[in-house]
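# Structural overview
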Amino acid sequence: AGWRQAFGRRPVWLLASSREGEEALILDAFAAMRVADLLLVLVPRHPQRFAEVAELVAARGLAFCRRSAGALPGSTTQVWLGDSMGEMAAYYALANVALIGGSLLPFGGQNLIEAAACGCPVLLGPHSFNFAQASEDAIACGAARRVGDAAEAAAAVSELLADGSRLAAMSDAARCFSQAHRGATARTLALIEGVMAPRKGY
């Protein structure tokens, strides 16, 4: 909430839990976009790649800062590198729209339900086989949208940011989708207890 307040109305596109090769594709697509004040937040999946991703951003001449440096992005910052651990929910809560990493290239994607729980509209690349059912369910209910590549992702971000009502509808659908998937642990325990319960005659 503090981050969102600090950024005001500035639009934020999050690449969440990105994998090798995806950051370069998104950085190039982002550089070609014409969305005023758009901030790209990159959060690599693996901490050992934080320095590598910082070099990718610097090589493109984009103004960026790192979460590990402590300061929030300024008005001229184009890219914020989320080189921190345990803060993904905060990044999702900040973002207007998130592309789930690992789905743009054939890594199988990451869990999108955490994004949905924060009311963050989701974009999925063509590869979400690690969470196939959840991905299809999210798309079907309007919480997520499939894109074919980085250029299509950038176009979808531009389109959604220009259509506040559609973005809000995706956010509402994301929260509903998350609520519908709560309670799995309790349901599983209830099934186990039913099997383990003593039965008459034994």
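Residues numbered from 1 in each chain as written. Predicted model: local features only at pLDDT ≥ 70, side-chain atom pairs only at ≥ 80, totals over all residues. Heavy atoms only, no water.

## Here's the deal with the sheet that holds strand 6 (residues 122-124)
In space, the seven strands of this open sheet follow the order 3-4-2-1-5-6-7, with parallel pairing throughout. The open sheet has two free edges, formed respectively by strand 3 (64-66) and strand 7 (144-146), since each of these has just one partner strand. Strand-to-strand twist of the sheet, defined as the mean angle between neighbouring strand axes without regard to direction, takes the value 20 degrees. Judged from the three bridges that link them, strand 2 (residues 39-44) and strand 4 (residues 79-81) form a sheet pairing that is parallel. Bridge pairing in strand 4 links Leu-40 to Val-79. Packed onto the sheet, helix 2 (residues 22-31) meets strand 1 (12-18), strand 2, strand 4 and strand 5 (97-100) and runs at close to 165 degrees relative to strand 1. (Pairing = 2+ DSSP bridges. Helix = DSSP H or I, 4+ residues; strand = E, 2+ residues; numbered from the N terminus. Axes fitted to C-alpha atoms, helices over the stretch in contact; angles between N-to-C directions. Contact = heavy atoms within 4.5 Å.)

## Quick word on the pattern of salt bridges
Across all of its chains, the model carries ten salt bridges by this definition. Between Arg-67 and Glu-87 there is a salt bridge, with the nearest N and O atoms lying 2.8 Å from each other. On the criterion of sequence distance, the pair formed by Arg-67 in the loop between strand 3 and strand 4 and Glu-87 in the loop between strand 4 and helix 4 (88-94) is long-range, its members being 20 residues apart. Arg-145 serves as the salt-bridge partner of Glu-159, at 3.2 Å between the closest nitrogen and oxygen. Here Glu-159, found in helix 7 (residues 150-161), pairs with Arg-145, found in strand 7; they are 14 residues apart in sequence, far enough to count as distant. (Salt bridge = Lys/Arg side-chain N within 4 Å of Asp/Glu carboxyl O.)

All quantities given are derived from atomic positions and should not be read as evidence of function.
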